[in-house]
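The lines below spell out each chain.
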Amino acid sequence: MKAKSESKNRKNNTPGDFFELRLYVAGQTPKSIEAFANLKKICEENLQGSYTIEVIDLLKNPQLAKGDQILAIPTLVRKLPQPIKKIIGNLSNTERVLVGLDIKPRT
């Protein structure tokens, strides 16, 4: 897994919105790898040029779980734009992730 990722060009989000995302995982498990792949695909398709992804491996840095109150993994935390949002799981339900991150309105 790549620790940080950025893309170029905007698409659906409002001008000025920059998404700072943290994905908390525990090692290179299939679930962690799947969550990162799903997140990267969602970001590339919907947040082109306006996001960063930071992958935090709690096996290496367990103390970092406390700051974002991580109770389960994998967990995605949207740090920016405010307010902070969290999504738990492998992020395979694209619609749920888009709504959960406020990229797409609820239908």
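Being a predicted model, the structure only gives us computed values, none of them experimental. (Residues numbered from 1 in each chain as written. Predicted model: local features only at pLDDT ≥ 70, side-chain atom pairs only at ≥ 80, totals over all residues. Heavy atoms only, no water.)

### Overview of the overall build of the protein chain
Put simply, the test is: Comment: elements are numbered from the N terminus, with helices defined as DSSP H or I runs of at least four residues and strands as E runs of at least two. The cut-offs for exposure are 20% and 50% of the maximum accessible area for each residue type, with area from a 1.4 Å probe on protein chains only; residues under the lower value are buried, those over the upper are exposed, and the others partly exposed. Values of accessible area rely on a 1.4 Å probe in the Shrake-Rupley scheme; residue burial ignores everything except the protein chains shown.
The number of helices and strands found in the protein chain is 3 helices and 5 strands. In the protein chain, the order of α-helices and β-strands from amino to carboxyl end is β-β-α-β-α-β-β-α. Residues classed as buried in the protein chain amount to 41% of the 107 residues present. Of the roughly 6200 Å² of accessible surface on the protein chain, 52% is carried by carbon and sulfur atoms.

### Observations concerning the pattern of salt bridges
Between side chains of opposite charge, a pair can form as their charged atoms come close. Selection criterion: Counted as salt bridges are all cases of a side-chain nitrogen of Lys or Arg within 4 Å of a carboxyl oxygen of Asp or Glu.
Counted under the stated rule, the structure contains 8 salt bridges. The salt bridge involving Lys41 is made with Glu45; its shortest N-O contact spans 3.8 Å. Taken together, the positions of Lys41 and Glu45, both in helix α1 (residues 30-46) and 4 residues apart, correspond to about one turn of that helix. As a salt-bridge pair, Asp102 and Lys85 come within 3.0 Å of each other at their nearest N and O atoms. Placement of Asp102 in the segment after α3 (94-100) and of Lys85 in strand β5 (residues 85-88) is noted, with a sequence separation of 17 residues between them. Residue classification places Lys85 among the partly exposed residues on the basis of a relative accessible area of 24%. The network of salt bridges with shared partners includes Arg22, Glu54, Asp68 and Lys79.

### What about the pairing of β5?
Every other side chain in a regular strand lies on the same face of the sheet, so the side chains alternate between the two faces. Selection rule: At least two bridges found by DSSP between two strands are what make those strands a pair.
Relative to β5, strand β4 (residues 75-80) is paired through 4 bridges, and the arrangement is antiparallel. When the bridges of β5 are listed, Val77 appears paired with Lys86. In this structure, the hairpin formed by β4 and β5 is closed by a connection of 4 residues.

### A short note on the pairing of strand β2 (residues 19-25)
Here is the rule we go by: With the strands aimed away from the viewer, a crossover counts as right-handed if its path from the first strand over the helix to the second runs clockwise.
When you tally the buried positions in β2, you get 5 out of 7 residues, the bulk of the element. Judged from the 7 bridges that link them, β2 and strand β3 (residues 51-57) form a sheet pairing that is parallel. In the sheet register, Glu20 faces β3, and the bridge partner there is Thr52. At this point the chain moves from β2, through α1, to the parallel β3, and the crossover so formed is right-handed. Judged from the 5 bridges that link them, β2 and β4 form a sheet pairing that is antiparallel. Each bridged residue has a counterpart across the sheet, and for Arg22 the counterpart in β4 is Val77.

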